[in-house]
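Results of the structural survey
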Amino acid sequence: MECVLKTFDLGKRFGKRWAARGLNLEVHRGDIFCFLGPNGAGKSTTIRMILTLLKPTTGAIRLFGEDLHKNRVAVLSRVGGIVEKPDFYLFLSAFKNLKLLGSMTRRVTRDEVMEALERVGLSARAGDKVRTFSHGMKQRLGIAQALLTKPELIILDEPTTGLDPQGMKDVRELIQRLALEEGMTIFLSSHLLSEIEQVATRMAVIHRGEMKAQGSVSELLAREAIDYALQAAPIEQAMRLMQGVPWVQVLSSDGHMIEVRLEPGHAAELNKLLVANQIEVAALYPRRTLEDFFLKVTKGAPGI
Amino acid sequence: MTLFGFEAYKTFSRWRTYISFGVLALIVVMTEIVMRVSAREIIGSMMKIFQRDFIIAGNILNAWFITTFIMNSLHFHIPFLVTLVAGDMVSSEATAGTIRFLLIRPPSRQRILNAKYLTALFYTAGLVMFFAVLCVVLGLALFGSGDLIMHRLGQFSVVFIPEAEIPLRMLLAFAAAIWSMTVVASLAFLFSAMAENSIGPIIGTMAVVICFLIFGNLPLHFFRHLKPFFFTTHMLLWQGFFDSSIRWLEIGQSAVILGLHNAGLFLIASIVYRRKDIKS
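Residues numbered from 1 in each chain as written. Chains lettered and ligands numbered in written order. Predicted model: local features only at pLDDT ≥ 70, side-chain atom pairs only at ≥ 80, totals over all residues. Heavy atoms only, no water.

Moving on, we get to the overall build of chain B. Summing up its helical and strand segments, chain B has 13 helices and 2 strands in all. What you see for chain B is a C-alpha radius of gyration of 21 Å, in line with the 19 Å of a compact globule of 280 residues. With the C-alpha coordinates aligned to their principal axes, the bounding extent of chain B is approximately 70 × 45 × 30 Å. The proportion of buried residues among the 280 residues of chain B is 51%. Put simply, of all contacts in chain B between residues at least 6 apart along the chain, 81% involve residues at least 24 apart. Of the roughly 13,000 Å² of accessible surface on chain B, 72% is carried by carbon and sulfur atoms. Charged side chains of chain B number 21 positive and 13 negative; the gap between the two group centres comes to 10 Å. (Helix = DSSP H or I, 4+ residues; strand = E, 2+ residues; numbered from the N terminus. Rg over C-alpha atoms; globule rule 2.2 N^0.38 Å. Buried < 20%, exposed > 50% of the residue type's maximum accessible area, 1.4 Å probe, protein only. Contact = heavy atoms within 4.5 Å. Areas by Shrake-Rupley, 256 points an atom, 1.4 Å probe, with all protein chains shown as cover. Lys, Arg positive; Asp, Glu negative; His and termini not counted. Charge placed at Lys NZ, Arg CZ, Asp CG, Glu CD.)

In structure tokens form, the structure reads like this:
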């Protein structure tokens, strides 16, 4: 799989404090790559380094296989992004803002600007000054400017901040559409774990500037899963049987499903045990949420 | 050129850019009207010391005299007005947060800075040209034309420039005035490249200009030695075009010194800005 973004031992130090250290990120073409971490973990610092706002103290960044700092113009013309708040020229219209910002990458036509505004539902406000926009509208305009030049990689730093539930859903769907239908690669940082769970194909978790995990979402969640949902019949017999097994702990039961905690590597053994005792197993699957995973790798770091 | 067009469009889309033009218009219009009303009194006080020895005839209080008279205040108010925009040029992007959208685009920081600097110079030139046109046009309407007769403060001499020579000298003087004001723009631009808000660069630049003007005019031995090194001293190079014979060498030297200031200040701004981490 082609690597669109790759960082090598990337680090940034402010004074004596390392905001990011030893980061080796790998984003593949077509990924919706989510970058997770508590407040102050170093997410924005990393994004700023990737978008050349900060100079790395250590390491290198390769985009589309080329060194970012040696081929800045060629590389950045294939990237769109938002870093933190989308701040625009308030005294200019939405249309003019996009036209001017887009023209810094390449010549953009009126139709392209209108198309970008249409995608985020702002075409009716194209001529209005950004001063009159709400935060959510500015956020959508930020996404429009990131899409405007049809980049191959879009870097979005918390793109749903300030959006209402419908707006968040719209952005989520837009992100999925961009990746699936247009083959864009999305690099997304967000605090909203539920949102990431719905869209991410791969992710990385950063904590105190250091990478804690990286991989596909399903792979990461499955890797350390210990809690399982079990659907078995007869359920009472299954419960009785499991109570005598030292590596199984029954957590709860609603009369239909049983939630159990297994010592690592015992899932198949439990299945075998139940079947051997004439208990029908309809389902046995890991129940681990992204939140559980996140809290584990960041050791319950506050601020998320 | 695209980036320059982009910067110029932004600068001239903001109403505050026009405050300076409004202030200049007010100064020129008020001064010329007041001078029109009290013309006799002004001439009387100016020529008092010469009236015993000379007979002065003709239209002394004409557009050219008025223009040079107002130009003498150039180094007080125009630097402030130039600073309002040049000091805001880079730092306002940091304050507004728009710097993040700007610097993640393909053009290098140096190219963006070049475009901004050119815009600051363009604005400075525009402001001085506006001042020149307004002074001359309104002056001609209110006072008419004539030879230029001037008396330099503290000197027992009168400068006489025939009417035919004045337009060219005026043009050169305003070109020199633009050149001198670009140093103020460069200084404000340097501070702007260093700062994250616009107040600091504006106050900082004015503080430097005022300090240098004061030091340059203090009648102290120490400052007299330093005076040739102050850029504010050379900002008056335009006055050289209103001497009886133009002192090209002195004007040229001042122009080169001001040019070196411009180059030095912009070089420092470039180094600072290219290395700067954008944290805002």
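Having seen the model, we can carry on.
This part is about the sheet that holds strand β8 (residues 153-157) of chain A. Residue and element names in this part refer to chain A. Spatially, the 6 strands line up as an open sheet ordered β7-β8-β9-β4-β10-β11, and their pairing is mixed. On the outer flanks of this sheet lie β7 (79-82) and β11 (210-216), each paired with one strand and no other. On average, each strand axis in the sheet is tilted by 15° relative to the strand beside it, whichever way the strands run. Both strand β4 (residues 32-36) and strand β10 (residues 202-207) contribute to a ladder of 4 bridges, which runs parallel. Each bridged residue has a counterpart across the sheet, and for F35 the counterpart in β10 is A204. Where helix α6 (residues 165-180) meets the sheet, its contacts fall on β4, β8 and β9 (185-189), and the angle it forms with β9 comes to roughly 150°. (Pairing = 2+ DSSP bridges. Axes fitted to C-alpha atoms, helices over the stretch in contact; angles between N-to-C directions.)

This paragraph deals with helix α4 (residues 110-119) of chain A. Residue and element names in this part refer to chain A. Of the positions making up α4, those classed as buried are E112, V113, A116 and L117. Along the axis of α4, the buried positions cluster into a sector of 135°, meaning they face one direction only. In α4, the exposed positions that point more than 90 degrees away from the buried face belong to R110, D111 and E118. Buried residues along α4 sit in contact with α3 (94-102) and α5 (135-147). With its phi angle positive at about 75°, G121 sits one or two positions after the end of α4. (Arc of directions from axis to C-beta.)

Turning next to the packing of helix α9 (residues 166-194) of chain B against helix α13 (residues 248-275) of chain B. Residues and elements named next belong to chain B. The N-to-C vectors of α9 and α13 enclose an angle of 20°; their axes lie 9 Å apart at closest approach. Judged by the inter-axis angle, α9 sits roughly parallel to α13. Judged by the twist between their axes, the crossing of α9 over α13 is left-handed. Contacts between α9 and α13 involve L172, W179, S180, T182, V183, S186, L187, F189, L190, A193 and M194 from the former and W248, A255, L258, G259, H261, N262, L265, F266, I268, A269, V272 and Y273 from the latter. (Parallel < 35°, antiparallel > 145°, perpendicular 65-115°, else oblique. Left-handed = near helix turned anticlockwise from the far one by under 90°.)

This brings us to the side chain of A:D67. Residues and elements named next belong to chain A. Along the chain, the position of D67 falls in strand β6 (residues 66-67). The side chain of D67 sits in the buried core without any salt bridge; R62 is the nearest counter-charge, 4.9 Å away. Looking at D67, its side chain comes within polar contact range of the main-chain nitrogen of H69, at 3.0 Å. A distance of 3.0 Å separates a polar side-chain atom of D67 from the backbone nitrogen of K70. Sequence-distant contacts of D67, that is, excluding residues within four places in its chain, are made with A60, I61 and R62. (Salt bridge = Lys/Arg side-chain N within 4 Å of Asp/Glu carboxyl O. Polar contact = N/O pair within 3.5 Å; in protein donor to acceptor, adjacent residues only side chain to side chain.)

With domains assigned, chain A is organised as domain 1 (3-221) and domain 2 (225-287). A straight line from the C-alpha centre of domain 1 of chain A to that of domain 2 of chain A covers 43 Å. (Domains from an automatic or database assignment.)

Looking now at the pattern of salt bridges. Residues and elements named next belong to chain B. Here the structure, examined in full by the defined rule, presents 25 salt bridges over all chains. A salt bridge links D88 to R14; the nearest nitrogen and oxygen atoms lie 3.5 Å apart. Of this pair, D88 sits in the loop between α5 (74-86) and α6 (91-96) while R14 sits in the loop between α1 (2-13) and α2 (17-37), and the two are 74 residues apart along the sequence. Grouping residues by exposure puts D88 and R14 together as buried. Put simply, E93 and K116 hold a salt bridge, and the shortest N to O gap is 2.7 Å. Here the residue E93 occupies a position in helix α6, and K116 occupies one in helix α8 (residues 109-143), the gap between them amounting to 23 residues. Accessibility expressed as a relative area gives 4% for E93, which makes it buried.

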